[in-house]
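Structure assessment
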Amino acid sequence: MFNSLSDRLTATFKNLRGKGRLTEADVDATVREIRRALLDADVAVPVVREFTAKVRERALGAEVNAALNPGQQIVKIVNEELVVILGGQTRRIRLAKNPPTVIMLAGLQGAGKTTLAGKLSKWLKGQGHSPLLVAADLQRPNAVKQLQVNGERAGVPVFAPHPGVSSEFESATGDPVAVARAGVAEARAKLHDVVIVDTAGRLGVDAELMQQAADIRAAISPDEVLFVIDAMIGQDAVTTARAFDEGVNFTGVVLTKLDGDARGGAALSVASVTGKPVMFASTGEGLEDFELFHPDRMAGRILD
Ligand code: GDP
């Protein structure tokens, strides 16, 4: 991820090395290169426009800083603006005053929600919490089973509808809203302090899916709604994120498949267009491949 963007930006900044003063033309040429690099990395057009306008304005107005040469100054500005579009500060899960803290997962099918549910539960367990997983994805054959497998691996119990009944049967008869509600009640009764509710995703955004997710949200009043998005989806990230934001008003973003060779555009666009922070990054298929997302570290990696 970001290798190509990183190389392009580094090459651009190299051209500024040794320059004692930057003319407006130098700044414009640099900003043009940054714009091309971001567009080629699949960053959404409005995000690129806003980003480059800010960098240009700050670079032209930059106060003289004796410690930095003009090239370094632009790198510093780009770094700071990258941190801003990645969501600013690291944002941690808001724990409920009265447990359980309810976390709902939403996103397209294949985004990595069920995998993430296992990772997040394991991570929370490692921090001393006692999570419960709830299988409210009754759409995809096997989703319940997959969550049960992940729960077992993570050492976290799973609340599932009709245990022992085939997933085909569940998808035909199960009511995901009722399952989500019952799962949260179970967490409360069994004194779990965090409950993670996995919900259904479909291949594309559709009204029925969104209504179901909105109904689940209304039924369980989550403290966090995490929108899980595959970093590989490129330019589609923005439309998908907007649709989910409208549908379920998510509180944070989880980027998955950051280990892949995605060009990074989704990562840079989603937080910016929705104004919601990226909270976690998923970096592989294993339960350990998961980390808190730090905007400053990610920006540093891009400018490495
Ligand atoms: P869901 O439909 O949203 O629940 O998606 P799944 O959790 O079933 O994930 C879809 C596929 O992506 C599975 O094959 C996962 O193993 C894989 N996957 C999930 N997260 C990651 C990740 O961060 N990196 C990679 N490489 N694969 C992932």
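Residues numbered from 1 in each chain as written. Predicted model: local features only at pLDDT ≥ 70, side-chain atom pairs only at ≥ 80, totals over all residues. Heavy atoms only, no water.

Comments concerning the sheet that holds strand 6 (residues 252-256)
Across the sheet, eight strands lie side by side as 3-2-4-1-5-6-7-8; this open sheet has mixed pairing. Every other strand in the sheet has two partners, leaving strand 3 (158-159) and strand 8 (290-292) as the edge strands with one partner each. As paired strands, strand 1 (residues 101-106) and strand 4 (residues 194-199) are joined by five bridges and run parallel to one another. Among the inter-strand pairings, leucine 105 is bridged to a residue of strand 4, identified as aspartate 198. Running over the sheet, helix 6 (residues 143-154) touches strand 2 (131-136), strand 3 and strand 4 and is turned about 165° from strand 2. (Pairing = 2+ DSSP bridges. Helix = DSSP H or I, 4+ residues; strand = E, 2+ residues; numbered from the N terminus. Contact = heavy atoms within 4.5 Å. Axes fitted to C-alpha atoms, helices over the stretch in contact; angles between N-to-C directions.)

Considerations on unusual backbone geometry
At the junction of proline 99 and proline 100, the peptide bond is cis and its omega measures out at 5° in the coordinates. Take proline 100: it is sitting in the loop between helix 4 (70-85) and strand 1. Although it is not a glycine, leucine 191 adopts a positive phi angle of roughly 60°. With respect to the helices, strands and loops of the structure, leucine 191 is situated in the loop between helix 8 (176-189) and strand 4. Overall, the relative accessible area of 71% leaves leucine 191 in the exposed class. (Buried < 20%, exposed > 50% of the residue type's maximum accessible area, 1.4 Å probe, protein only.)

Some details on the side chain of histidine 129
Within the fold, histidine 129 resides in the loop between helix 5 (113-126) and strand 2. Within polar-contact distance, the side chain of histidine 129 engages the side chain of aspartate 193 at 2.8 Å. With residues up to four places along the chain from it excluded, the contact list for histidine 129 reads Leu95, Leu124, Asp193 and Val194. (Polar contact = N/O pair within 3.5 Å; in protein donor to acceptor, adjacent residues only side chain to side chain.)

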